[in-house]
Amino acid sequence: FGLSCKVEGSDYVSVLKWDGSDTEHSLLTNIPKHQPLEPGTTVYTSGYSQSFPEGIAVGSIAEREKSADDSFLAYRVRLSTHFPSLKYVYVLKSAYREERRAIETPQEMRHP
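As a starting point, this report considers the structure included with it. (Residues numbered from 1 in each chain as written. Predicted model: local features only at pLDDT ≥ 70, side-chain atom pairs only at ≥ 80, totals over all residues. Heavy atoms only, no water.)

Let us look at the side chain of Ser67. Note on placement: Ser67 falls in the loop between β5 (57-65) and β6 (72-79). On the basis of relative accessible area, Ser67 is assigned to the buried category, the value being 18%. Here the side chain of Ser67 touches Asp69 through a polar contact of 2.9 Å, landing on its backbone oxygen. When sequence neighbours within four positions are dropped, the list of residues in contact with Ser67 reads Phe72, Leu73 and Ala74. (Helix = DSSP H or I, 4+ residues; strand = E, 2+ residues; numbered from the N terminus. Buried < 20%, exposed > 50% of the residue type's maximum accessible area, 1.4 Å probe, protein only. Polar contact = N/O pair within 3.5 Å; in protein donor to acceptor, adjacent residues only side chain to side chain. Contact = heavy atoms within 4.5 Å.)

Turning next to the pairing of β5. The two faces of a sheet get side chains in turn, since along a regular strand they alternate between them. For strand β4 (residues 42-45) and β5, the ladder comprises three bridges, and the chain directions are antiparallel. Bridge assignment links Thr42 to a residue of β5, and that residue is Ser60. Here six bridges tie β5 to β6, and the two strands are oriented antiparallel to one another. Paired with Gly59 across the bridge in β6 is Leu79. Between β5 and β6, which pair antiparallel and follow one another directly, the connecting turn spans six residues. (Pairing = 2+ DSSP bridges.)

Before going further, it helps to spend a moment on the nonpolar core. Of all hydrophobic cores here, the largest spans 14 residues; its most connected members are Cys5, Leu16, Leu28, Ile31, Leu37, Val43 and Ile61. Elements represented by at least two residues in this core include exactly β1 (2-7), β3 (25-32), β5 and β6. Considering every element that reaches this core, the biggest residue donor is β6, with four residues. Among residues more than four places away in sequence, those in contact with Leu28 are Cys5, Val7, Ser14, Val15, Leu16, Leu37, Val43, Ile61, Leu73, Ala74, Tyr75 and Val77. (Core = buried A, V, L, I, M, F, W, Y, C linked by side-chain atoms within 4.5 Å.)

Moving on, we get to the pattern of salt bridges. Within the structure shown, the criterion is met by two salt bridges. Its salt-bridge partner being Arg76, residue Glu65 comes within 3.4 Å of it at the nearest N-O pair. With a gap of eleven residues between them, Glu65 in strand β5 and Arg76 in strand β6 connect regions that are remote in the sequence. For Glu65, a relative accessible area of 25% gives the class partly exposed. (Salt bridge = Lys/Arg side-chain N within 4 Å of Asp/Glu carboxyl O.)

What follows covers the side chain of Thr41. Within the fold, Thr41 resides in the loop between β3 and β4. Of note is the side chain of Thr41, whose polar atom sits 2.7 Å from the backbone oxygen of Glu38. Ignoring anything within four residues of it in the chain, the contact list for Thr41 reads Val7, Glu8, Gly59, Ser60 and Ile61.

Apart from glycine, the bulk of residues carry a negative phi angle, and the bulk of peptide bonds sit in the trans form. Residues other than glycine seldom take positive phi values, yet Asn30 does so here, at roughly 65°. As for its position among the elements, Asn30 is in strand β3.

Around the barrel, six strands lie side by side as β1-β2-β3-β6-β5-β4; this closed barrel has antiparallel pairing. Neighbour-to-neighbour, the strand axes of this sheet turn through a mean angle of 45°, independent of strand direction. (Axes fitted to C-alpha atoms, helices over the stretch in contact; angles between N-to-C directions.)

Spelled out as structure tokens, the structure:
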């Protein structure tokens, strides 16, 4: 699962990925090398997702990690939600899902 995110004080969009090994942490990737991050910096949803609106805090920077791509930095993020303790979750259905999809899909990709 990958979630489009932004970091407090920056407009760069990055990707938060969970590898399934640790329920308290996830990996933030695609951070430009000239944009080092400090521990404790908050990570938010970017709004570039149909599933999550912009500005939801998902965690904070814990430490720098080795990146799979030498052109970017990666950071371990301590998640705001303690997933093992969740008892209830809500799934919301968007009343305007099809309309939004039609607007966001480029004209050349739409079916007649």
